[in-house]
Amino acid sequence: MSRSLTALLLAAPMPVAASTLAFEDNKLNYRSCDGQHITARWRGSVFSLSLPGKSLGDSHETIKYVSWDGRCLTGRWDEDAGHFAFVGDGDTAPSGLLTYVAWDGSKWAGIRTGGGFFVARVASEGEPVTNERLKEIAAWLDRRNEAYSPGAKLAENLKTVVGP
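About the thresholds
- For every chain, the first residue of the written sequence is number 1, and numbering continues from 1 along that sequence.
- Only residues with pLDDT of at least 70 get local features here, since the model is predicted, and only at 80 or more are side-chain atom pairs given and counted; chain-wide, interface and lining totals rely on the full set of residues.
- Side-chain measures were taken over the full set of non-hydrogen atoms in the model, leaving aside hydrogen atoms and water.
- Two strands make a pair as long as DSSP finds a minimum of two bridges between them.
- Comment: elements are numbered from the N terminus, with helices defined as DSSP H or I runs of at least four residues and strands as E runs of at least two.
- Whenever a carboxyl oxygen of Asp or Glu lies within 4 Å of a side-chain nitrogen of Lys or Arg, that contact is scored as a salt bridge.
- For every residue, the accessible area obtained with a 1.4 Å probe (protein chains only) is divided by the maximum for its type, and the residue is called buried under 20%, exposed over 50%, and partly exposed between those limits.
- In this analysis the probe radius is 1.4 Å and the grid spacing 1 Å, with only protein atoms considered; a cavity is a set of points the probe fits into but cannot get out of, a pocket is an open set with protein on both sides within 12 Å along at least five of seven lines, and lining residues have an atom within 4 Å of a point.
- Grid points are joined across faces, edges and corners, and a volume is the space filled by probe spheres set on the points.
- Side-chain classes follow a simple rule in which Ala, Val, Leu, Ile, Met, Phe, Trp, Tyr, Cys and Pro form the nonpolar group, Asp, Glu, Lys and Arg form the charged group, and the remainder, Gly included, forms the polar group.
- Fitted lines through C-alpha atoms give the axes, limited to the stretch in contact for helices. The angle between two N-to-C directions lies from 0 to 180 degrees.
- In what follows, a contact means two residues having at least one pair of non-hydrogen atoms within 4.5 Å.
- An expected span of 1.5 Å times one less than the residue number is assigned to each helix.
- Directions are taken from the helix axis to each C-beta atom, and the arc is the one they span.

Trainee: An account of the sheet that holds strand β3 (residues 37-43) is requested, with residue identities and associated values reported.
Mentor: Pairing within the open sheet is antiparallel, and its four strands lie in the order β2-β3-β4-β5. Looking at strand neighbours, the two that pair on one side only are β2 (28-31) and β5 (59-60), the edges of this open sheet.

Below is the structure:
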């Protein structure tokens with residue numbers, strides 16, 4: 001194969017499936033508002049927080065994390081309603097979707113699944129989160145998950161944040 005053809009093939013856009021990670025996990029690894037790497041696990045309707053490599057910490061009703069847009073948000077689980085409640089800049093918004101920055105700076109979306117989370121990488125560090133990207137990930141999750149599965153639920157939640 002010629003060098004120019006090889007270069008063209010390598011420069012071609014990667015399909016969404018090649019750059020998307022989605023999986024179920026019992027923990028959530030996110031950046032806190034003060035830049036720490038935090039792991040959150042469920043302890044009933046509250047979170048158990050710890051630093052990397054440390055044992056589970058005390059129970060916390062909320063987590064404070066960096067969202068996709070760089071804002072510091074506080075999230076808690078509303079057990080009665082079955083969704084997250086987020087506070088940022090004085091406003092409170094309910095959602096089934098947690099949009100956060102991971103330890104490596106990549107942007108992820110997650111939902112609660114029983115005692116864990118189902119998460120998908122939305123964008124790499126420095127890459128914007130666009131409506132097109134959210135639609136691609138939702139479609140990718142829809143193709144790979146049966147109805148009523150955590151992946152399908154995450155796809156449904158992603159579609160709710162897509163703007164016009």
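After that view, the rundown keeps rolling.
Trainee: Go over the pattern of salt bridges, please, and point to the residues and values.
Mentor: This model, assessed by the stated rule, comprises four salt bridges. Across the pair aspartate 69 and arginine 71 runs a salt bridge, and its minimum N-O distance is 2.9 Å. The class for aspartate 69 is exposed, based on a relative accessible area of 53%. Taking relative accessible area as the criterion, arginine 71 reaches 32% and is therefore assigned partly exposed. The salt bridge involving arginine 133 is made with glutamate 136; its shortest N-O contact spans 3.8 Å. Of the two residues, arginine 133 and glutamate 136 both sit in helix α3 (residues 131-144), three residues apart, roughly one turn of that helix.

Trainee: So what's going on with the layout of surface pockets? Residues and values would help.
Mentor: Its volume calculated, the largest pocket comes out at about 270 Å³. Mapped by element, the contributors of at least two residues to the lining of the largest pocket are β8 (83-88), β9 (91-95) and β10 (98-101). Residue contributions to the lining of the largest pocket peak at three residues, all from β9. In terms of residue class, the lining of the largest pocket is made up of eight nonpolar, four polar and three charged.

Trainee: Let's hear about the sheet that holds β10: which residues, and what values?
Mentor: One open sheet holds the four strands; their spatial order is β1-β12-β11-β10, and the pairing between them is antiparallel. The sheet is open, and its two borders are formed by β1 (22-25) and β10, each paired with just one other strand. Across the sheet, the mean angle from the axis of one strand to that of its neighbour is 30°, orientation sign disregarded. In the packing of α3 onto the sheet, the strands contacted are β1 and β12 (116-123), and the crossing angle to β12 comes to about 135°.

Trainee: Tell me about α3, and please be specific about residues and values.
Mentor: Here α3 contains 14 residues, and its C-alpha end-to-end distance of 20 Å stays within 8% of the 20 Å for a straight helix at 1.5 Å per residue. Where α3 is concerned, the buried positions are Arg133, Leu134, Ile137, Ala138, Trp140 and Leu141. End-on, the buried residues of α3 take up no more than an arc of 160°, which puts them together on one face.

Trainee: Could you give an account of the pairing of strand β4 (residues 46-50), naming the residues involved and the relevant values?
Mentor: Within β4, five of the five residues are buried, which leaves it mostly tucked inside the rest of the structure. Burial along β4 is two-sided: Val46, Ser48 and Ser50 and Phe47 and Leu49, pointing in opposite directions, are all buried. In this structure, β3 lies alongside β4, joined through five bridges in antiparallel fashion. Its bridge partner lying in β4, arginine 41 is registered against serine 48. Hairpin connection from β3 to β4: two residues lie between these consecutive antiparallel strands, with glycine 44 at a positive phi of about 70°. In this sheet, β5 lies alongside β4 in antiparallel orientation, the contact comprising two bridges. Its bridge partner lying in β5, phenylalanine 47 is registered against histidine 60.

Trainee: Go over the pairing of strand β7 (residues 72-78), please, and point to the residues and values.
Mentor: Bridge count between strand β6 (residues 62-66) and β7: five bridges; the pairing is antiparallel. Following the sheet pairing, isoleucine 63 is matched in β7 by glycine 75. Between β6 and β7, which pair antiparallel one after the other, the connecting turn spans five residues, and glycine 70 there sits at a positive phi close to 85°. Where β7 lies against β8, five bridges are found, and the strand directions are antiparallel. Looking at β8, one finds that arginine 76 is bridged to alanine 85.

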